[in-house]
Amino acid sequence: MSPSDGAASAGPDGQAIAAATNGTDNGQAPARIGPHPGFISSSNQYSAEIKLRRMLKDNGCDPAREDTYRLQGVQLIDNVREHLLLPVRTFDTACTYYHKFRLNFRDSEYNYQDAALASLFVACKVEDTIKKSRDILAAAYNVKNPDKPAAPDDKVFESPGKVIIGLERLILETIGFDFRTRYPQKLLVKVVRSILGKSAAGSRAFFATAYAMCIDMYKTFVPIKRTTLSMVMAVVELTARLRGEHLDRVRQFADRRRQYSREAVMETMLDLLDLYVQHHKATKIGALFDLNTFIDVKIRLNADLDEAASPRYLFHCSRCEVADANPLTSIGPGAPASADPTAPSAVWPPDAAIRRTARGQDGTMRFVFDPEAADKEQVKAGEYFRDEYEEYEVEVEEAIPLQQERESGGGGGRGGGGGYRGSYRDRGDHRRGGPYGGYRGDGRHHWGRGRYH
């Protein structure tokens, strides 16, 4: 260590260290700024309805086109899954990834069929039912063209295979490398058996209807909004209402569950009924019941909501829904860098905005599974990157020139008889919208704001 370094580090009260940090007047270079703190992304298992709507609005999605792509993408996943004889848990995981991916990317940036197949490709790895990308592409092609089947090693699948592998990375970033998903079918078997028993008359038909409805549920956003028990109880109760049987047993079973949420179940049932009423022919249950049956059940549920004065959606905010769209920043090297990487993002919702813009930044994107640990780290790092401002006023006396005093009639600037009679726009009064600061009439000018670190 040189003598100068030792003197700097031994200064009283750390004055030399502070001077070296802020840049001193003795010619020393300012202290080097440390590395970029990076960006943190935490997975979010559940999302409210208002957040989903805002994300779709910020992406500029057309509601009719969004419904069509969502239904067709889930149906494609189901068809390929049945063709490859994959378990239903792979279907659940693939649909969950597909919904989350579409909420974070615009429809114009990808093909919904590629996104659906890429989601199934990732789900096969997660659920340990590994399939190659060529196998999934060949299955999708054979489902669409059963008369002219193609082998997985056909050269026609080379280019689409590269697209799926490229989308795989984006899907992993979208879910934050958090592979947790929910499988309501497993719990559905236990709940139906607990309510009806093993040998109850009509239990097989009841379970078959509930199981088909559980598959249709993944054509909505319910799987990324509700817990497993809420989804299962909503499916069981809606099945009982449609079939007109065992409704009292279902209510008795629900009353014995402490974690049962009536509001969440009501929202889930109404979401399913919206699917069946608006897209009657695109579901498995739509062919089993008449359209009027779904409408009647929906009317009764809405009447129950009105009687209980309960909202249609949980955690709903009317102001957020009607707010103007705030488009997400596009991905690319030219993405604008944020002035303060630790400050909360101005784009709502923040997690999607960070995920879209961080790829064009200098910082590193890190994925943290514990949201509390991520918040603590952001607060700790923000202490070193926060800029503080203080506003102050400085009044400076300025003599009025003799020529100006004569032109004004000798009254000076304090309201003399021949004082300035122009409008406030001419004299630049900042208090009334003037662009050049405030002329106070006594020869004083108003100065601006200062900044310190």
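Cut-offs applied
- Residues numbered from 1 in each chain as written.
- Predicted model: local features only at pLDDT ≥ 70, side-chain atom pairs only at ≥ 80, totals over all residues.
- Heavy atoms only, no water.
- Helix = DSSP H or I, 4+ residues; strand = E, 2+ residues; numbered from the N terminus.
- Buried < 20%, exposed > 50% of the residue type's maximum accessible area, 1.4 Å probe, protein only.
- Contact = heavy atoms within 4.5 Å.
- Areas by Shrake-Rupley, 256 points an atom, 1.4 Å probe, with all protein chains shown as cover.
- Core = buried A, V, L, I, M, F, W, Y, C linked by side-chain atoms within 4.5 Å.
- Domains from an automatic or database assignment.
- Phe/Tyr/Trp six-rings, centres within 6.5 Å; stacked < 30°, edge-to-face > 60°.
- Lys NZ or Arg CZ within 6 Å of the ring centre and 35° of its normal.

**Regarding the overall build of the chain**
- Of the regular secondary structure elements, the chain holds 19 helices and six strands.
- Of all 453 residues assigned to the chain, the portion counted as buried reaches 41%.
- Considering only intrachain contacts with a sequence separation of at least 6, the fraction spanning at least 24 residues in the chain is 74%.
- Accessible surface, the chain as shown: approximately 25800 Å² in total, 52% of it carbon and sulfur.

**Thoughts on the nonpolar core**
- The biggest cluster of nonpolar side chains holds 79 residues, and the ones touching the most others in it are Val 80, Met 233 and Val 236.
- The residue makeup of this core includes at least three contributed by each of domain 1 (49-175) and domain 2 (184-315).
- Not counting chain neighbours up to four residues away, the residues in contact with Val 80 comprise Leu 117, Leu 120, Ile 136, Ala 139 and Ala 140.
- Core analysis: the next-biggest nonpolar cluster, separate from the first, contains seven residues, Met 55, Leu 56, Leu 103 and Phe 221 among them.

**Some words on the packing of aromatic side chains**
- For the structure on display, the rule yields nine aromatic pairs.
- Centroid distance Tyr 69 to Tyr 112: 4.9 Å. Interplanar angle 15 degrees. Geometry classified as stacked. One end of the pair, Tyr 69, is in helix H4 (residues 63-84); the other, Tyr 112, is in helix H6 (residues 112-126), and 43 residues separate them in sequence.
- Classification of Tyr 69 by relative accessible area gives partly exposed; the value is 25%.
- Judged by centre distance (5.8 Å) and plane angle (45 degrees), the rings of Phe 207 and Tyr 211 are tilted. A residue pair is termed a helical-turn pair when its members lie 3 or 4 positions apart in one helix, as Phe 207 and Tyr 211 do in helix H10 (residues 203-216) at four residues.
- Phe 207 sits in the partly exposed class, given a relative accessible area of 24%.
- In textbook terms, an aromatic cluster arises when at least three aromatic residues are bridged by ring pairs, as seen for Phe 101, Phe 105 and Tyr 110.
- Lying over the aromatic face of Phe 221, Arg 70 brings its terminal NZ or CZ to 5.1 Å of the ring centre.

**Digging into the environment of Arg 241**
- The residue Arg 241 is located in helix H11 (residues 228-243) in this model.
- In the structure, Arg 241 is positioned 53 residues away from Phe 294 in sequence and 9.5 Å away in space, judged by C-alpha atoms.
- Leaving out residues up to four positions away in the same chain, Arg 241 has contacts with Leu 247, Arg 251, Arg 262, Val 297, Leu 301 and Asp 304.

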